[in-house]
Structure formats: structure tokens, C-alpha cells
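# Fold and contact review
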Amino acid sequence: LCDMLVTAVSMTNIFFSLRSLKLECEKLASEKTEMQRHYVMYYEMSYGLNIEMHKQAEIVKRLNAICAQVIPFLSQEVSPPWLSMLVKTQVGGGGGRMRTVERSRRVSALLDCVNNFTAHVVQEPGSPRGSPAHSPRENGLDKNRLLKKDAPLSPSSIASSSSTPSSKSKETNLNEKSTTPVSKSSSPISRTDAPTPSSTSTPGLRTTSGKAAGIETLAPGLRTPLAVPCSYPGPFGMVPHPGMNGDLSAAGAAAYSFHVSADGQMQPVPFPPDALIGPGIPRHARQINTLSHGEVVCAVTISNPTRHVYTGGKGCVKVWDISHPGNKTPVSQLDCLNRDNYIRSCRLLPDGRTLIVGGEASTLSIWDLATPTPRIKAELTSSAPACYALAISPDSKVCFSCCSDGNIAVWDLHNQTLVRQFQGHTDGASCIDISNDGTKLWTGGLDNTVRSWDLREGRQLQQHDFTSQIFSLGYCPTGEWLAVGMENSNVEVLHVTKPDKYQLHLHESCVLSLRFAHCGKWFVSTGKDNLLNAWRTPYGASIFQSKESSSVLSCDISIDDKYIVTGSGDKKATVYEVIY
């Protein structure tokens, strides 16, 4: 009996010891996750500050160069004694006096240079351009827009709509926690209580030059969506498309679409007469539903056939039935990741019975939607702390995930195993698309590169280098063209086999998402400037433009090209009907 009592006491002690150890392990795991978040946050903060320092240094160099040209022509009456000494030092103190007329002419020209430079360094946000309803306006010859460059952003500071913006370079919010990739950083979206997709947990680190004071910059990565204050009175508005590329009847109107030749020469694009007419080309889009998700919507996808919309926010994906326009509540909620982590991407398999979800966590969740109550049927775990984007092969056998460490993970969905990693990006991989035949993969990263991969041989085929971080991209279903959305507000449409490309300039801030229509004749892009732009493939004639009340972080187009869904920083998704 005594032995039995001793044994029972020993077993009880062992049980409590095991329970204590288990709790300790869970606590350590939680601390590890928190440390990873902090690491990404500080990494992105340091990168953002470094970029800002280089930007300011470049501005100083350019201003110094302008001052060096202006100073010699200032008269002694308006120049202080120290300036006279500086002039003597710079010009040698001698030389004949210039004639007054010649001096005035040169000073006037230099002051024009100063004014132009200032206009590009500190730009006022432009008001939406009006345009003819059916034909694009001629592409103007004013290239001033081309000189505008935003400070690099990371997709995390992108999503801001409530009242606080956040994200690395695509970011500026005090509450944001971002986990978004940024070039030279490690995550594409930042997060905050006022969510913003961009860098890891970086509150707004900087404001991009060329934007209004109330608008923040963003960036993708391990981040939370940003909340950006809106300077527009209405919560939503349709803006007439800009039409012809630069309205010649409007003084100073700038062209927005340029063809860039192999040698770098840029010319405004003369749009063909049928640019905005013909089969498969929309006339406009109208808002038919608003889905109040309750958190910043960083990911959206539409089912096939078009009945359900999936919206990803903080810690969950909500499922909406849009077959009844008056339906304002989700039909179900899929709790994924941790409660405080944002969903960065969700993708449906072609059969519509399986949903794959990724975000600010090292695991991907695979959901079985065929059961009466959706359930997780598997989880895929990688070594990267976050997933920024997902793609599914046409045969539904393979899933590709863009990781915050720059790798592209290749998953076997049948065996639920990691079969390969494509390595090449030196910073977070932020966006991805796959060709219709499933043989080629395109990825964009915060390292300012777009790369293509041969899926049969498992090797890199091409690399395109840019001067800005890549936040979004889409491969045209008909082949030949690849559209790229960048942190500097440009959209570039590249020919996949030729050096020709088009550069489009209607966005005023980072381009956060991009999607081709399934017919391939048009595509849409969304940005931190609250805009949804629809473009003609490939030359970028503006088909229509819609302004929302906050940064537009994500978008998707239905399989029949009749509906567009966007996710925004003001905690909602918007459903549009495309009118042909």
C-alpha cells in the first residue's frame, strides 16, 4: 500500500511537472513569435530611415548644384557679403561684367529650373482629370509627371484608411504594426490597429515627397494595413476616366502613357481610335455592394461561378454571398493565423472547394469549403515568418508562396510537403502570378526586381531591374505582356520577349494591387491614393477610374470579367459591376 501511495504521488508530481513544462514551452513559443515580429519591425524601420537619409542627401546635392549656377548671377545689391566672397571663390573673382540683359536672361532661365525642380520635389496632389466618355484623350506632350518620384515605400504602409496610416515605405501610421516586404527590408505589409499593409510593424516612417501632407506612403511586407486620412469629401466617387493621353485642349495637361524604347527614349503614346470601344472593353463600373469586414481588408478573391467573395483581414477570412445585393452580413468566418496577424493573400483552387490562406505567420492554412461548415484540413509550415502572396497552378497540384525572406516556396498540395524553393530575390518576395499553361512563374520583390521562373526545369529565366520596389504584378492571360505596379506610383507594362514597354502615370502613390481581366484586353490597378484604375492592354489608355475613401490594398476580377472586388483600409470591401 505504501509503495502504491509513493507511486501515485510520484505520478502526480510527474504530471504536474509535465504540465508546467508544457506551459513553459507554449510561453517560449509565444515569446519567439513576438521577437520575430519585433525583429522584422526594427529591420524595416532601419531600412526606411536609411532610404529617407539617401533621399534627403540627393535633394541636397541637386539644390547645391542649382545654387552653384544661380549664385554667380546675383547682383551685389541682393547678395550678402558672405555670398560675394563665395562667388569670388567659385568664379575666380574676376572676369568682365555680363551685360544686364544677358545676366537677366540667364538668371530667369535658372530660376525656371529652380521652380521646376521644386515642383517635382514637393508636388501638390492633382485633381482628377475629366475626359471624354468614349474616346481616350490624346497623349499630351508634358512629361513633367515623369520626373515625379516617390520615396520608396513598402506595401505595409499602404493600407490606410481609417485615420492612421502604416507601413514601411508604403506606410505612415502611428499604430501600425507592419510585416510587409520592402526592398532591402523583409516584409511587404505593415500592420497597425489602424491596419496598413506594408512592412513588418513599422509605423509610418516617412511621408513621400510629391504627396499631400495627409497622405502617407506605404510598402508591402510583414505589415499591417495603414489607415490613411482622406482629403476627399465623399466616401466613394466615380471619377471620369482621363480619356485621351493628355487633353490637348487643356493647357498644361500632361500625358500619362508613354512608350519606352530599348534605348530608354520615352514618347507619349497616340492611342488608336478603338482604344476604348469594341468587344470585351468596359465602358465603366458601378458600385453595387459594400461588405463591412470590420478590419483592414488586405486580401480578396471571388469564387467561380461568381457567388461568394472572400475577404481577408486581421486573423480571419470572411465569406460573403453577393448573389443577393442586400446581404450585409458574412455567411461564415474562417479563423486563420493568430488573432492579431493580418491575412495577406487567399486563393481558391479552380474547383472552388478549397481555399488557401497566407499572411503574417509561417504557416499556410488549407480550408475545405465542401463541408457544411468550412474546416482546416491541413497546414503548411515554412521557415519564413510571413507569406505575402500566393499562386495556384492551373492543375491545382502545386501552390507557390512568396516569402518574406525572398524565397518562393513550392508546395505539393496532394502530399502537403515543400518540394522546392526558388531562390533569387535578395529581399521579400511581394507578388506573384503564373502563366495559363502553368510553365512559367513571375515574381516581384522588395529588391526592386521582377523575375521569371521555368517551372519545368526549376530555374530562373529572366530578371528585370527597376529603381523602385515592386508591390504588385499580373501576367496577361493571352501572354506577351506583364504589368508591374511599383512603390514609386508607376505602372509599367513589359513585353516578355522584347525590350519594349509602356509606363503609365495616373496613380499618385504606391500601386498596391494589380489584376488582369481574364479576356486579357484590360487590367485594373489600385493604390494608396484611394484609386481604382482600369487600363487598356498594353498601352494603358484609361478606361475608367474610381476613387474610394481610403487606400485600396487588394483587388480581384471575376472569371467572367463582370465583377471587380476591392479591399480597402477603411475596413470594407467594395463590389463593382462592370458595364460593357
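Residues numbered from 1 in each chain as written. Predicted model: local features only at pLDDT ≥ 70, side-chain atom pairs only at ≥ 80, totals over all residues. Heavy atoms only, no water.

### Considerations on the sheet that holds strand β20 (residues 429-434)
- One open sheet accounts for four strands, arranged β20-β21-β22-β23; its pairing is antiparallel. Where the open sheet ends on each side, the last strands, each with one partner, are β20 and β23 (459-465). The sheet shows a mean angle of 20 degrees between the axes of neighbouring strands, direction not considered.
- By the bridge criterion, five bridges tie β20 to strand β21 (residues 440-445) in an arrangement that is antiparallel. Of the residues in β21, the one forming a bridge with Asp-433 is Trp-442. (Pairing = 2+ DSSP bridges. Helix = DSSP H or I, 4+ residues; strand = E, 2+ residues; numbered from the N terminus. Axes fitted to C-alpha atoms, helices over the stretch in contact; angles between N-to-C directions.)

### Concerning the pattern of salt bridges
- This model, assessed by the stated rule, comprises twelve salt bridges.
- Between Asp-447 and Arg-451 there is a salt bridge; the shortest N-O distance is 3.4 Å.
- Judged by its relative accessible area of 7%, Asp-447 is buried.
- Two residues, Asp-454 and Arg-456, come together in a salt bridge whose shortest N-O distance is 3.9 Å.
- When its relative accessible area of 7% is taken as the criterion, Asp-454 is described as buried.
- Residue class for Arg-456 comes out exposed when judged on its relative accessible area of 66%. (Salt bridge = Lys/Arg side-chain N within 4 Å of Asp/Glu carboxyl O. Buried < 20%, exposed > 50% of the residue type's maximum accessible area, 1.4 Å probe, protein only.)

### Quick notes on the packing of aromatic side chains
- Scanning the entire structure with this criterion turns up nine aromatic pairs.
- The interplanar angle of 55 degrees and the centroid separation of 5.9 Å between the aromatic rings of Tyr-256 and Phe-271 together place this pair among those described as tilted. One end of the pair, Tyr-256, is in the loop between β4 (237-239) and β5 (257-260); the other, Phe-271, is in the loop between β6 (266-268) and β7 (284-292), with 15 residues separating them in the sequence.
- Ring pairing ties together the aromatic residues Tyr-256, Phe-271 and Tyr-539, which thus form one cluster. (Phe/Tyr/Trp six-rings, centres within 6.5 Å; stacked < 30°, edge-to-face > 60°.)

### Remarks on helix α1 (residues 2-70)
- Here α1 is 69 residues long and its end C-alpha atoms lie 101 Å apart, about the 102 Å a rise of 1.5 Å per residue gives.
- All buried positions along α1 are accounted for by Arg-37, Val-40, Met-41, Glu-44, Tyr-47, Gly-48, Ile-51, Glu-52, Lys-55, Ile-59, Ile-66 and Val-70. (Expected span 1.5 Å × (residues − 1).)

### Quick look at unusual backbone geometry
- Backbone torsion omega between Asn-304 and Pro-305 reads 5 degrees, so that peptide bond is classified as cis.
- Of note, the phi angle at Asn-530 is positive, near 75 degrees, even though the residue is not glycine.
- Within the secondary structure, Asn-530 is located in the loop between β29 (522-527) and β30 (531-536).

### A few points about the pairing of β5
- As defined by bridge partners, β5 adjoins strand β27 (residues 501-504) across four bridges and the pair is classed as antiparallel. For Phe-258, the partnering residue across the bridge sits in β27 and is Gln-503.
- Examined bridge by bridge, β5 and β6 share three bridges and lie antiparallel to one another. If you follow Phe-258 over to β6, its bridge partner there is Pro-268.

### Considerations on the sheet that holds strand β25 (residues 481-486)
- Taking strand neighbours across the sheet as the criterion, the six strands line up as β6-β5-β27-β26-β25-β24 in an open arrangement whose pairing is antiparallel. Edge strands, defined here as strands with exactly one partner in the open sheet, are β6 and β24 (470-475). Looking at each pair of strands side by side, their axes are set apart by 25 degrees on average, direction ignored.
- Relative to strand β26 (residues 491-495), β25 runs antiparallel, the two sharing five bridges. Across the sheet, the residue bridging to Gly-485 is Val-491, located in β26.

### What about the confidence of the model for the chain?
- When the pLDDT values of the chain are averaged, the result is 76; 69% of them are 70 or greater.
- In the model, residues 141-157 has pLDDT below 50 throughout and makes 146 contacts with residues more than four positions away in sequence or in other chains. (pLDDT = per-residue confidence, 0-100. Contact = heavy atoms within 4.5 Å.)

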